[in-house]
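# Examining the three-dimensional arrangement
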Amino acid sequence: MRRVGAPRGQDQPPSSLDRPRVLLLTYLLATLEFSCLFMQFSVMPYLARRLGLDSVAFGYLQTIFGVLQLLGGPVFGRFADQRGARAAFTLSFLAASALYLLMAAACSPALPGVVLLFLSRLPSVFMHAMPAAQMVITDLSPPEERPTALGRLGLCFGVGLILGSLLGGTLSGTCGTHCPILVALTANLLGAALSFTCLPVDTKGPTPLDKPKAGVFDLKAITRLLLLPGVLPVFLVKVASGFPSGLFMVMFSIISMDFFQLGAAQASYLMSYFGVLQMVIQGVVVGRLSRRFSEDTLLRASVLIFTAVGLGMVLMSHVSHFCLLVPGLVFSLCVLNVVTDSMLTKAVSASDTGAMLGLCASVQPLTRTLGPTLGGLLYRRFGVAVFGHVQMAVNLLVFLMLWGQPVAHRRDKTQ
């Protein structure tokens, strides 16, 4: 039976021979997007300073970015479900191209740079390459292989973090702030062209003709997913367990300067350490563990290790102490994200995986939105140890709630 709205001849999923090619291209496109994103992060503070923005205005800039991504994630997921992988990836890369174009224009002294820099945040509402990649991988992977396939995105993220940070710093230092922005603009236009010409229109396969077709902006259809059996508990665990560490990471640049007394080069080395660990843990370790242990067990283990890391953060006094805690922190973050994404996509129908992944993608922007204000207040009043206290207390409570009971309702569905 043909999928509603799919063009004739494009209504079938890729064949088994095409799937490896589509998956490889998906990983490459995700790596390209992450590299450009971290290039942007590396030059944004310097561009904002050059345009005369103080720390408060820069905070507003970051908050706008977080709010728009928070609002756009679920809507983009619905769009991906209804329009398919090709349209989703193409939209994400075109939105990113518009963002970098406005940033490049802001570098020109003949134009109103501050206004253009704030306007450049608007296209971020549709910049969601990660949920688009996750949707393709979810659609093309059997449920038992899904954690391993989703975990490989950690390799893409790690490569993007390292490559983007190095390119951003090197290009801006040798050629000026505008150079990495123009490189990112060119790369995203290339990504849009590759997405439009090489990806299949749809990766979901046939769906029933009689299923009601809600609009992209139908909020009831989005919130309905949270009310399905077993979805809301897992989603709340994802938000609550990961929020304290996300709060710490939002404040990490300030903590690295004030508490650890690190210079810019030392801080970049520490971020590279994060990237390498994430590549290894999410790309290799998580997949092997998922074949030996159940998702419930891995989720409880990640929450328990979060608790232990929180205790270590309370006691740390030097950057070397933090380096010892980073493997546990990265392991818990990787396992939490991969396992909860896998659980949540298994709990909904195949036609709703994009919307569910869009909801999952809104968790990180939520942290980036609330984090700067809340984290700044906590750090100023209580010091760096408060992040360890919060992480330990929240995750201990979550672990006690998870103890001895199944975490998620299982529902097998046709891929």
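Residues numbered from 1 in each chain as written. Predicted model: local features only at pLDDT ≥ 70, side-chain atom pairs only at ≥ 80, totals over all residues. Heavy atoms only, no water.

### Description of the overall build of the chain
A count of helices and strands for the chain gives 17 helices and 0 strands. Put simply, the chain has 415 residues, and 54% of those count as buried. Within the chain, contacts between residues at least 6 apart in sequence are counted, and of these 87% link residues at least 24 apart. Summed over its atoms, the accessible surface of the chain is roughly 18,200 Å², and 69% of this surface lies on carbon and sulfur atoms. (Helix = DSSP H or I, 4+ residues; strand = E, 2+ residues; numbered from the N terminus. Buried < 20%, exposed > 50% of the residue type's maximum accessible area, 1.4 Å probe, protein only. Contact = heavy atoms within 4.5 Å. Areas by Shrake-Rupley, 256 points an atom, 1.4 Å probe, with all protein chains shown as cover.)

### What to know about the packing of helix α10 (residues 231-250) against helix α13 (residues 295-315)
At a closest axis distance of 11 Å, the pairing of α10 and α13 adopts a crossing angle of 30°. Judged by the angle between their axes, α10 and α13 are roughly parallel. In this structure, α10 crosses over α13, and the sense of that crossing is left-handed. Contacts from V237, S241, S245 and F248 in α10 reach L299, V303, F306 and M313 in α13. When its residues are assigned to classes, the contact of α10 with α13 shows 6 nonpolar, 2 polar and no charged. (Axes fitted to C-alpha atoms, helices over the stretch in contact; angles between N-to-C directions. Parallel < 35°, antiparallel > 145°, perpendicular 65-115°, else oblique. Left-handed = near helix turned anticlockwise from the far one by under 90°. Nonpolar A, V, L, I, M, F, W, Y, C, P; charged D, E, K, R; others polar.)

### Some points on the packing of aromatic side chains
Scanning the entire structure with this criterion turns up 16 aromatic pairs. Here the aromatic cluster, defined as three or more aromatic residues joined through ring pairs, consists of F248, F252, F259, F260, F274, F322, Y379 and F387. (Phe/Tyr/Trp six-rings, centres within 6.5 Å; stacked < 30°, edge-to-face > 60°.)

### Focus: the side chain of Q40
Note on placement: Q40 falls in helix α1 (residues 19-50). Other than its neighbours up to four places away in sequence, Q40 contacts L99, Y100, M103 and R121.

### Observations regarding the confidence of the model for the chain
Summarising the model, the chain shows a mean pLDDT of 81, and 87% of its residues fall at 70 or more. Here residues 208-212 is modelled with pLDDT under 50, and outside its nearest four sequence neighbours on either side it reaches 8 contacts, counting other chains as well. Per-residue pLDDT stays below 50 along residues 410-415; that stretch engages in 21 contacts with residues further than four places along the chain or on separate chains. (pLDDT = per-residue confidence, 0-100.)

### Observations concerning the nonpolar core
Ranked by internal contacts, the top residues of the largest apolar core, which has 86 residues, are F89, F248, F322 and F387. Here the element with the most residues in this core is helix α14 (residues 319-346); it accounts for 14 residues. When sequence neighbours within four positions are dropped, the list of residues in contact with F89 reads T26, L29, A129, A132, A133, V136, S195 and L199. Counting 26 residues, the second-largest nonpolar core is a separate cluster that includes C36, M44, A57 and A187. (Core = buried A, V, L, I, M, F, W, Y, C linked by side-chain atoms within 4.5 Å.)

### Comments concerning the packing of α1 against helix α5 (residues 129-140)
At a closest axis distance of 10 Å, the pairing of α1 and α5 adopts a crossing angle of 165°. In terms of axis orientation, α1 runs roughly antiparallel to α5. For the element pair α1 and α5, the recorded crossing hand is left-handed. Contacts between α1 and α5 pair R19, V22, L23, T26, Y27, A30, E33 and F34 from the former with A129, M130, A133, V136, I137 and L140 from the latter. Residue composition of the contact of α1 with α5, grouped by class: 11 nonpolar, 1 polar and 2 charged.

### A look at α14
Taking 1.5 Å of rise per residue, the 28 residues of α14 would be expected to cover 40 Å, and the 40 Å separating its terminal C-alpha atoms lies within 8% of that figure. Maximum bend of α14: about 40°, positioned at L325, with proline P327 one to four residues after it. Of all the 28 residues making up α14, 21 are buried; the element is thus mostly covered by neighbouring parts of the structure. (Expected span 1.5 Å × (residues − 1). Bend = angle between axes of the 7 residues up to and from the residue.)

### Some points on α1
Between its first and last C-alpha, α1 extends 46 Å over 32 residues, near the 46 Å set by a 1.5 Å rise per residue. At V43, α1 shows its largest kink, close to 40°, and the proline P45 lies no more than four residues downstream. Positive phi shows up at G52, right after α1, with a value of about 90°.

### Observations concerning the environment of V326
In this fold, V326 is placed in helix α14. For V326, a relative accessible area of 0% translates into the label buried. Taking the C-alpha atoms as reference, V326 lies 8.4 Å from L277; in sequence the two are 49 residues apart. Beyond its immediate chain neighbours, meaning those up to four positions away, V326 contacts Y273, F274 and L277.

### Considering the environment of P244
Tracing the backbone shows P244 in helix α10. Spatially, the C-alpha atom of P244 lies 8.8 Å from that of N395, the residues being 151 residues apart in sequence.

### Quick look at the state of the cysteines
Counted under the stated rule, the structure contains 0 disulfides. As a non-bridged cysteine, C175 has C179 as the owner of its nearest cysteine sulfur, 4.1 Å distant. According to the relative accessible area criterion, C175 is partly exposed, its value standing at 42%. (Disulfide = S-S within 2.5 Å.)

### Some words on the environment of G72
Position of G72 among the secondary structure elements: in helix α2 (residues 55-83). Residues G72 and M127 lie 55 residues apart in sequence; the distance between their C-alpha atoms is 8.3 Å.

### Comments concerning the side chain of T340
For T340, the position within the fold is in helix α14. Those residues in contact with T340 that lie beyond four places of it in its chain are V234, K238, L299 and V335.

### Digging into a nonpolar patch on the surface
Together, V115, L119 and L122 make up a nonpolar patch on the protein surface, roughly 250 Å² of accessible area in all. Locating V115 in the fold gives a position in helix α4 (residues 113-119). (Patch = residues over 30% accessible without salt bridge, like charges linked within 9 Å, V, L, I, M, F, W, Y side chains within 5 Å. Salt bridge = Lys/Arg side-chain N within 4 Å of Asp/Glu carboxyl O.)

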